[in-house]
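# Geometric and topological summary
What follows is the residue order along each chain.
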There are 2 protein chains.
Amino acid sequence: MSDAGSQLKEKIKAVTRANEEFYHAFESLDVGCMDRIWLQEDYVTCIHPGWSLRVGWPAVRDSWVLIFNNTFSMKFELTEMQVQVAGDLAWVICTENITSRQGEAAQESRVLATNLYEKAGARWKIIHHHGSPVME
Amino acid sequence: MSDAGSQLKEKIKAVTRANEEFYHAFESLDVGCMDRIWLQEDYVTCIHPGWSLRVGWPAVRDSWVLIFNNTFSMKFELTEMQVQVAGDLAWVICTENITSRQGEAAQESRVLATNLYEKAGARWKIIHHHGSPVME
């Protein structure tokens, strides 16, 4: 494989890992985990299913606090994953198959996500999350 | 302004224009306009509000044909626009304030969009569109 080819392969592996860390942070329901994986800049953005747009790290962080305070447990299984890299930017498209509990009852749902990552030093940090309900 | 600064400013202008062209193509309800602005690759993706994921140009194109065949008119007003560029990749986050007609009645709706663009030669082409309903 060419150097460029193996570099791309390494980048895709690193971005895939960053995406897994994002969903581990989501499952942890611990905002401290989100603090470690998000780029804390004023241009980061987040769209949760049905919510309006959050711009900038303080507003994005606040949305995770809200979700975590209102969720008892959440498990993700990812399917239809697409990982693309261009320079220091990467994007992951995936289907989140979610089992969540807010009270006693478990609920299954499907969300489509677009996640953007930026290479900040040695690490890929998440800079945009867009989740939306699948109704089909 | 530094050279890098003015180059970035030019790129942001060009991406903003590409994003306007995308919504003009949407309003035109003419799939030929979409043919001209999409990068016709197997990694392009599209998520319409509530729909499942479309991967690859033929599946993405087919979704536009379906929408255009079932829409009488559609007008977009964009707000909360964020345009970011990193190398040959750019992303636009915006709120689509839509007035649409399928039969006699006009309908107002709000959709949040993540649009990704890739610089292909001299032009920025769209490679991903994710639209989702705002329910807040």
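For the structure given in this document, a descriptive report is provided here. (Residues numbered from 1 in each chain as written. Chains lettered and ligands numbered in written order. Predicted model: local features only at pLDDT ≥ 70, side-chain atom pairs only at ≥ 80, totals over all residues.)

### Some thoughts on the overall build of chain A
Regarding its fold elements, chain A presents three helices and six strands. Along the chain direction, N to C, the helices and strands of chain A fall in the order α-α-β-β-α-β-β-β-β. Taken over C-alpha atoms, the radius of gyration comes to 15 Å for chain A, in line with the 14 Å a tight globule of 136 residues would show. Each principal axis of the C-alpha atoms in chain A carries an extent, and together these give about 55 × 30 × 25 Å. Each of the 136 residues in chain A was classed as buried or not, and the buried ones make up 32%. Taking as baseline every contact in chain A between residues at least 6 positions apart, the subset at least 24 positions apart corresponds to 49%. (Helix = DSSP H or I, 4+ residues; strand = E, 2+ residues; numbered from the N terminus. Rg over C-alpha atoms; globule rule 2.2 N^0.38 Å. Buried ≥ 20, exposed ≤ 12 C-beta atoms within 10 Å, placed from the backbone. Contact = placed C-beta atoms within 7 Å.)

### Re the relation of the copies chain A and chain B
When chain A is fitted onto chain B, the two copies agree to an RMSD of 0.0 Å after a turn of 180° and an axial shift of 0.0 Å. Classification of the inter-copy transformation places it as that of a two-fold axis. Minimal C-alpha distance to the rotation axis in chain A is attained by S132 of chain A, lying at 2.8 Å. The share of interface residues of chain A whose copies in chain B are also at the interface is 100%, consistent with both copies meeting through the same surface. (Least-squares fit on C-alpha atoms with pLDDT ≥ 70 in both.)

### Quick notes on the interface of chain A and chain B
Of the residues lining the interface, 29 residues belong to chain A; the matching set on chain B comes to 29 residues. Broken down by secondary-structure element, the contributors of at least two residues to the side of chain A that touches chain B are β1 (45-47), β3 (73-86), β4 (89-101), β5 (106-120) and β6 (123-133) of chain A. Its residues placed into classes, the side of chain A that touches chain B shows 14 nonpolar, eleven polar and four charged. (Nonpolar A, V, L, I, M, F, W, Y, C, P; charged D, E, K, R; others polar.)

### Things to note about the sheet that holds β6 of chain A
Residues and elements named next belong to chain A. Taking strand neighbours across the sheet as the criterion, the six strands line up as β2-β1-β6-β5-β4-β3 in an open arrangement whose pairing is mixed. Edge positions in the open sheet fall to β2 (54-55) and β3, since each of these has one partner strand only. In terms of strand pairing, β1 meets β2 through two bridges, oriented antiparallel. For C46, the partnering residue across the bridge sits in β2 and is R54. Where helix α1 (residues 3-28) meets the sheet, its contacts fall on β3, β4, β5 and β6, and the angle it forms with β3 comes to roughly 155°. (Pairing = 2+ DSSP bridges. Axes fitted to C-alpha atoms, helices over the stretch in contact; angles between N-to-C directions.)

### Points about helix α3 (residues 57-69) of chain A
Residues and elements named next belong to chain A. Look at α3: 18 Å from first C-alpha to last across 13 residues, which is about the 18 Å you get at 1.5 Å a residue. Listed as buried for α3 are W57, V60 and W64. The arc that holds every buried residue of α3, seen down its axis, measures 70°, which confines them to one face. With respect to the buried face of α3, the exposed residues turned more than 90 degrees away are P58, V65 and N69. (Expected span 1.5 Å × (residues − 1). Arc of directions from axis to C-beta.)

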